[in-house]
Structure formats: structure tokens, C-alpha cells
Amino acid sequence: MLRAMMTVSGFTLVSRLLGFLRDMLMMQLLGVSKVTDAFFAAFRFPNMFRRIFGEGAYNAAFVPLFGKKLEEEGHEAAVGFARNTFSSLFVVLGVLTMVAIPCMHWIMALVVPGFLPKFESNLGYVGAGMSHPTLEVNTRGAREVYFQVKSKSEEAVAHWSERVEFYSARVVAEGGEEEPLFPGKEGFEIEGMSLGEEGSYRIDSAGWVRIKFPDDHRYQKLKGQFEIGPSAEGEEVRKASLLVYRNHPGTFQLTVQLSRIMFCYLLFMALAAHLSGVLNTFKIFGMPAAAPIILNVTLLVALTLIWQLGYLPGATLAWAVAVAGFLQFGALWLSCARNKALMLVRKPVLDSDLKRLLILMGPGVAAAGIQQVNLLVGGIIASFQEGAISFVYVADRIYQLPLGMIGIALGVVLLPEVTRRLRSGREHEASESILKGVELGMLLTVPAAVAMLVIPVEIVSALFERGKFDAEDAQKTGWALAGFALGLPGYVLIKVLQPGYFAREDTKSPMAMGGVAVAVNIVCSIVL
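Criteria and cut-off values
Residues numbered from 1 in each chain as written. Predicted model: local features only at pLDDT ≥ 70, side-chain atom pairs only at ≥ 80, totals over all residues. Heavy atoms only, no water. Helix = DSSP H or I, 4+ residues; strand = E, 2+ residues; numbered from the N terminus. Buried < 20%, exposed > 50% of the residue type's maximum accessible area, 1.4 Å probe, protein only. Contact = heavy atoms within 4.5 Å. Areas by Shrake-Rupley, 256 points an atom, 1.4 Å probe, with all protein chains shown as cover. Core = buried A, V, L, I, M, F, W, Y, C linked by side-chain atoms within 4.5 Å. Axes fitted to C-alpha atoms, helices over the stretch in contact; angles between N-to-C directions. Parallel < 35°, antiparallel > 145°, perpendicular 65-115°, else oblique. Nonpolar A, V, L, I, M, F, W, Y, C, P; charged D, E, K, R; others polar. Salt bridge = Lys/Arg side-chain N within 4 Å of Asp/Glu carboxyl O.

Some remarks on the overall build of the protein chain
Inference 1: The helix and strand inventory of the protein chain stands at 17 helices and eleven strands.
Inference 2: Counting over 528 residues, the protein chain shows a buried share of 51%.
Inference 3: Taking the contacts inside the protein chain whose residues are at least 6 apart along the sequence as the reference set, 83% of them involve residues at least 24 apart.
Inference 4: Carbon together with sulfur atoms contributes 62% to the accessible area of the protein chain, which is approximately 23400 Å² in total.

Remarks on the nonpolar core
Inference 1: Formed by 104 residues in total, the largest nonpolar core has its most connected members in Phe39, Leu317 and Phe464.
Inference 2: Here this core takes 15 residues from helix α13 (residues 388–423), the largest share from any one element.
Inference 3: Not counting chain neighbours up to four residues away, the residues in contact with Leu317 comprise Met26, Leu30, Phe39, Leu299, Ala302, Leu303 and Ile306.
Inference 4: With 30 residues, the next largest nonpolar core counts Phe188, Tyr201, Phe213 and Leu242 among its residues.

Quick look at unusual backbone geometry
Inference 1: Even without being glycine, Ser168 reaches a positive phi, approximately 55°.
Inference 2: With respect to the helices, strands and loops of the structure, Ser168 is situated in strand β4 (residues 164–172).
Inference 3: Even without a glycine there, the phi angle at Lys340 is positive, about 60°.

Concerning the environment of Lys340
Inference 1: Topologically, Lys340 is positioned in the loop between α11 (313–338) and α12 (352–382).
Inference 2: Along the primary structure Lys340 and Glu76 are separated by 264 residues, whereas in three dimensions their C-alpha atoms are 9.3 Å apart.
Inference 3: Not counting residues within four places of it along the chain, the set of residues in contact with Lys340 comprises His75 and Val79.

Re the packing of helix α16 (residues 471–502) against helix α17 (residues 508–527)
Inference 1: In the contact formed by α16 and α17, the axes pass within 8 Å of each other and the chain directions differ by 140°. Taken together, the axes of α16 and α17 lie oblique to each other. Counting all contacts with α16, which are made through Gln498, Tyr501 and Phe502, the residues of α17 involved are Ser509, Pro510 and Met513.
Inference 2: Looking at the contact of α16 with α17 residue by residue, the class counts come to four nonpolar, two polar and no charged.

Regarding the pattern of salt bridges
Inference 1: Evaluation of the coordinates by the stated rule reveals 17 salt bridges.
Inference 2: The salt bridge partner of Glu191 is Arg210, with a shortest N-O separation of 2.4 Å. Highlighted residues: Glu191 in strand β6 (residues 189–191) and Arg210 in strand β9 (residues 208–212), separated in sequence by 19 residues.
Inference 3: The exposure class assigned to Arg210 is buried, which follows from its relative accessible area of 13%.
Inference 4: The salt bridge partner of Glu472 is Lys476, with a shortest N-O separation of 3.1 Å. Taken together, the positions of Glu472 and Lys476, both in helix α16 and four residues apart, correspond to about one turn of that helix.

And the structure:
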């Protein structure tokens, strides 16, 4: 077990180090920005489904059944079962991909609601009259607030911008006291507005305004009133909207665009997880563990193109992820073919083996889905603060190093090993394997967790504080890392203990435990 774990951990270490290099370069070039928020939000979405349908519930159900088939009926029957399940997975995820891509606008509206406008007024209805909409936006945790006059035509933007004035602007402090925002309140930066009549401020012809709040402010709300002047009599009424955001106005559309490009990554990576399960059961751990290196190398190439040739950052990174998914799948597919387990797509057959897999997957999908709800809830909350998704992502990357090298590596090795020992009636040896995994996991994990709790900001600063990633970004990311560190030993133990359930084809118990965990997470997330 130790040798197999060292193989997985070794390749995982190489992958994580390249991932750190990738993220360090990304933060240095792009900083915490609209592009990184959109990229990380979009990248997390197909990853969430991959963990549910691929390496999570699917492999937890598939590996024990495939191992049992291999032990009892031989290589040919086991590979036939694997091909049927491979084809079924391809069809299901292919349909999901074709449905999800055109619906991505509505999906992202649920996943990152904080990127959507917090105020909207249709200027086309103002016409020859005058409108006085009232603004009240929650600013707790906000770094910036943006106003935007939005239209398909530049003429309409210019037309309405000169007719929109903002007056009685004030911010509400924690105690409820209201303080005037204009003119020039200390600590605030305001772009895109010019002084109008009677102390009001007019939106410039470019059609957007940026109000930057002081660092670590405690203002609860931004309040005020717009005065939208009428069009001249007989003048064409142009269609436009006045929008107010807590994030950069372009973040949501960019997230939708990048999600559509990257969603095919789900299909390739779920199939790659299936191929990894086949290889791991054959005691081939090297290629499955090395495959993620391809993603990091591909993204490093993309970042080099952005750095040296000025390629468009968001789209370049998104296409790199899509290409990397295909390359990872190709490498694993060839490895299976070389080991006499060539996976071919054919018409799926709903036989007794596939039915058994679906029965076992049901609770597994629910359990994995419950765990992903934790990430979804965190992402929804983070989307309401500009930059928070990037802070959480960078902290998670550091936290994933010990989790991947120790917890996930142990889980990958233990599942086929415990399955084989249980199938051959050696239950005591199976229990001993899990106990050794617990001891080894805690021996390596606890020191890492303590370091992340004691010096989180220093760790983040040493790794990422350069270029556009500044000291304030490092501090906020460090706070997130300390929070992750509290749960690190628990998450490693989950990865070590779960194989004991999955090897016995018990996927219901982890589902029930996951349900309790997600309920606690949601309550704590909302309260905090």
C-alpha cells in the first residue's frame, strides 16, 4: 500500500507544484480581477459535476463492481462491463453537455447571483416624462459599486448618460448613521461622474461609474436617488437600462462565455475518471495520478501566450482547459488500450450489472451532490463580494496540496485494495489497511494543518504576493486558508474511511453523513 501511495503522492506532488506555478503566474499577471473571478467561477462549475458523476459517486460504485467482476469472472467479462458503463456515461454526459451549454446564462444566474445587477431601471420607458427611481444597495463586504448605462447602441448610452443624475447620495454606517457620499468623502474613489447642478452628480458619456469603498470598511448600504431626464418632444426613445452592480459589470457575461467553452471539460474528465478506475483496479496507479499534470502544463503554455503575445486572458485560459481535458482523456484511453482494456463507445445495454451500478450510484450521486452543495453555497456567497471567489480559490489551492497528496492518494489506493481483501474473505486485513491509512494520514496531515492555522498569511504571501497580487489580497486569502485548515484533518479522514463503506457496496451511509455536514455548512455560512 505504501509503495502505491508513494506513486500516487509523487505524481500528485508534481501536479500540485506545477499548479502552484500556474496559479502564481496567473495571479502575478492578472491579480484579483474580473477575469480571475469569472475564470474560477466558470472552471468550478464543470468540476462540480465531474466530482459528482465522475471520480466521486461513479467511481465509488464502479470500482468495487469492476473489481468483483475481475476476481470472479475474469478479465474479459470485467472489460465488457467496463465498456458498457463507459458507453452509458458517454451518452448521459454528452446529452447533459448539449443541454447545458445553450442554457448557461440561466445556470450561471443561479450559481453566481452576486455577479448580476443589484438594481435595474428601464430607461426606455421614461420617454418624454421624468423618473426618480430610488437606489438602496447592500454594501457589506463590497469593494466597489458600479453604475452602468447599458444598451446595444453607443448612441443610446451617450443619450441617456447625459440625462441621468445621482443626488442625495449617502452611505449607511453600522450604527445606522447616514453620511453624505459627495463631494469627495474621505477614503472613497469615484470615477465616471461629473458635478451637476445643485450638488448632484451626472454620469459621464461613457455610461459607467465606479465607486471604490475604503479597505475593510463597515458601511452597510449605499442610498440615493436618480433623476432621469426626459427625451425631447418628438425625439426617438432609445432602449437602454440603468444597472448597479457590486462586481465589475462585465464579470457575469464573461463567466457565461468561459463556462460554455469549458463545459466540455466535464465530459472528458468524467470519462477520464472512469478510465482511471479501470487502471487502478489493475494496480496501475502511475498514469491516472500523472494525468492531471497535463492540465497544469497546458495552462502554463496558455499563460505564457498571454504574457508574451498578449492573448485575450479569459478565452485563452478557457480553451486551454478544454484542450487539457481532451489530452488527459486521450492519455488514459491509450493506457487502457495498452493494458488490454480498450474502451469503445457502443449502444448501452441496461443489463443486471448496469442496473446494480445505477442502484449503488443513486445514494453516491446524492452524497457527492450534497458535498458539492457546500461548494455551491460558498460560491454563491462569495459572488456578492468582488474578488472573494479568487481569494477562496487561491486558499483552496494551498489547502488541496496536503489533501491531494495524503487524503486523496490514500483513498485511491485503499478502495481497490480493501475491495480485493473483502472479496477474498480477509476482513481483518481490510480493517488493518484502513487503520494504517488513518495513522499515516494523521501523521502527515496534522503538522500541515497547524502550520496553515498559525502562519496562513505568511504562507500565502511567500507563494503569491508579487505582481498584481498585493498584500491586502494575501491577507484576505490567508484568512480563508486558516478556515480551510480547521477542516483539513477531517477531510483527510473522510477520504481514508469512505473506501470501507464503498468496498462493501454501502453508499447510503456516506450519503446520510454528508447530509448532516451540508446542513451544518449552510447554517454556518448564512450566519457568518
